[in-house]
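Chains, contacts and geometry: an overview
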Amino acid sequence: MWPTTDFSTQAQTATFNNVGPALQEKPAKLDTAGEATQYSFFSMELDVTRHAPSIQLLKSSCPTFEKLLETGIHSGLWWLHVASPSEEDIDELSRMLDIHPLTVEDIKMRELREKIELFGPYYFASLRTPRQLENTIDIRASSANLYSIFFRESIISFTYDNSQHPAHVWSRIRKHQSHLAVTSDWICYALIDDVVDDFAPLIDRVQTGVEMMEEGVPITRPSDIGLALRNIYKYRKEVTRIRQLLHDKIDVVRYFARYCDSLGSTSAEVSLYLSDVQDHVLTMIANLTSAEQMLSRSQSKYLGQLSFDSTRMRNEIVGTLSRLTVIGAIIVMMQLITGLFGMNVGVPGLDVAGLYWWFGILGLIIGLISLFLVIAKSTRNI
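Residues numbered from 1 in each chain as written. Predicted model: local features only at pLDDT ≥ 70, side-chain atom pairs only at ≥ 80, totals over all residues. Heavy atoms only, no water.

Of regular secondary structure, the protein chain possesses 11 helices and 7 strands. Burial analysis of the protein chain (382 residues in total) assigns 41% to the buried set. Counting contacts in the protein chain only where the partners sit at least 6 residues apart, residues at least 24 apart contribute 71% of the total. On the protein chain, roughly 20,700 Å² of surface is accessible, and the fraction owed to carbon and sulfur atoms is 58%. (Helix = DSSP H or I, 4+ residues; strand = E, 2+ residues; numbered from the N terminus. Buried < 20%, exposed > 50% of the residue type's maximum accessible area, 1.4 Å probe, protein only. Contact = heavy atoms within 4.5 Å. Areas by Shrake-Rupley, 256 points an atom, 1.4 Å probe, with all protein chains shown as cover.)

Shown next as structure tokens:
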């Protein structure tokens with residue numbers, strides 16, 4: 001069971017007062033992927049989310065954020081999201097908020113494993129989003145994880161891509177804040193829920209492709225079976241990847257639910273929402289299992305059809321060779337006899353009256369042809 005530790009307003013005030021005056025205006029930086037760093041500030045007091053390429057510009061454009069930096073006092077929740085941060089950005093924020101070095105290391109190293117870890121005044125969540133990672137040499141350089149740090153009254157999050165999950169949660173908060181007690185734990189649930197929902201289009205695409213593939217088995221031409229088998233391999237690989245990511249989500253949801261239950265009161269209500277997320281994940285995994293079974297059946301059918309087509313083609317080839325054998329036997333025998341009697345020798349039976357010799361030679365030709373046909377047929381049966 002996790003201990004409960006609050007991040008006090010006095011600690012926030014001391015931290016911001018120490019760092020705030022030292023901030024200097026900096027130009028927008030580029031991360032390793034070439035995308036500009038962007039700071040986004042969300043507050044329950046603001047009607048809109050403020051965006052800026054640096055902390056100083058965000059401070060000048062948002063008086064609420066400026067007041068927060070100077071005094072550390074803010075009524076209600078606030079959320080600072082940094083897209084495509086540099087190591088300097090992470091170090092600066094870690095000094096401002098006294099973030100543990102292990103958390104900073106995970107963010108800098110772009111840790112791929114999904115987890116929730118408690119670090120005294122906050123807990124750190126690493127969530128893997130379903131963004132496709134294609135044509136990348138270093139998977140860490142294209143990490144699609146969403147890294148979030150949850151204090152009692154504040155949230156700091158980092159992404160290395162143009163993730164829209166924070167914006168989706170901000171919109172959801174504005175829609176429900178009038179009749180919902182929004183806490184940092186609820187926001188953590190909302191992030192997990194939004195990431196899980198992002199898997200739905202991928203699963204729908206896989207299911208649609210698998211159903212079309214299974215329906216196309218009877219009408220697939222023999223020349224297209226190889227392509228169909230390659231598509232089955234592609235879909236099975238994608239199903240395995242998505243299912244692994246969803247299994248990791250189950251562990252995160254269960255761990256976070258135990259933490260919320262340990263806090264009691266308002267946080268315990270979040271576990272009810274988490275149970276719905278867990279049911280959603282289990283339903284997705286069941287759909288992927290069904291798709292995997294359909295792919296297995298389709299693969300067996302395609303392989304059976306391929307075997308049948310191969311057998312039929314082999315029989316056709318054998319039949320063609322048999323006919324060629326008959327023709328060859330006839331022609332070879334005729335050439336042999338005509339070659340013998342075409343030599344400079346006496347014609348047998350020339351001085352004999354009647355056609356006995358002629359019918360004898362003809363019978364010999366027919367007999368030899370029949371003998372070769374019988375030998376060829378017996379050889380083919382063997």
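If you walk through the whole model with that rule in mind, you get 8 salt bridges. Of the charged contacts, one joins E114 and K249 as a salt bridge, the two residues approaching to 2.8 Å between their closest N and O atoms. Taken as a pair, E114 in the loop between helix 5 (101–108) and strand 4 (115–119) and K249 in helix 9 (residues 225–263) lie far apart in primary sequence, 135 residues in all. Of the charged contacts in the structure, one is a salt bridge between D193 and R172, with a shortest N-O distance of 3.0 Å. In this pair, D193 sits in helix 7 (residues 184–197) while R172 sits in helix 6 (residues 165–176), placing the two residues 21 residues apart along the sequence. (Salt bridge = Lys/Arg side-chain N within 4 Å of Asp/Glu carboxyl O.)

On to the environment of T183. Along the chain, T183 turns up in the loop between helix 6 and helix 7. With relative accessibility at 23%, the residue T183 sits in the partly exposed group. Between the C-alpha atom of T183 and that of E153, which follows or precedes it by 30 residues, the distance is 7.5 Å.

Under the criterion given, the structure shown has 14 aromatic pairs. With 5.6 Å between their ring centres and 45 degrees between their planes, Y123 and F256 make a pair best called tilted. Here Y123, found in strand 5 (residues 122–128), pairs with F256, found in helix 9; they are 133 residues apart in sequence, far enough to count as distant. Residue F256 is classed as buried on the basis of its relative accessible area of 0%. A network of ring pairs unites the aromatic residues Y123, F150, F256 and Y259 as a single cluster. Its end group placed over the ring of Y160, R110 keeps NZ or CZ at 3.8 Å from the ring centre. Cation over ring: K234 sits above Y235, and NZ or CZ is 5.2 Å from the ring centre. (Phe/Tyr/Trp six-rings, centres within 6.5 Å; stacked < 30°, edge-to-face > 60°. Lys NZ or Arg CZ within 6 Å of the ring centre and 35° of its normal.)

With that out of the way, let us pick up the pairing of strand 3 (residues 78–83). Across the 6 residues that make up strand 3, a large majority, 6, are buried. Of the two faces of strand 3, the one carrying W78, L80 and V82 and the one carrying W79, H81 and A83 are both buried. Where strand 1 (residues 38–43) meets strand 3, 6 bridges bridge the pair, whose relative direction is antiparallel. Note that in strand 3 the partner of Q38 across the bridge is A83. Bridge analysis of strand 3 against strand 7 (residues 154–159) gives 6 bridges, and the strand direction is parallel. (Pairing = 2+ DSSP bridges.)

Attention now goes to the side chain of H165. Within the secondary structure layout, H165 lies in helix 6. Look at H165 and you get buried, because its relative accessible area is 4%. In terms of polar contacts, H165 uses its side chain to reach the side chain of D194, at 2.5 Å. Apart from residues lying up to four places away in sequence, H165 is in contact with T129, L146, L191, D194, V195 and D198. (Polar contact = N/O pair within 3.5 Å; in protein donor to acceptor, adjacent residues only side chain to side chain.)

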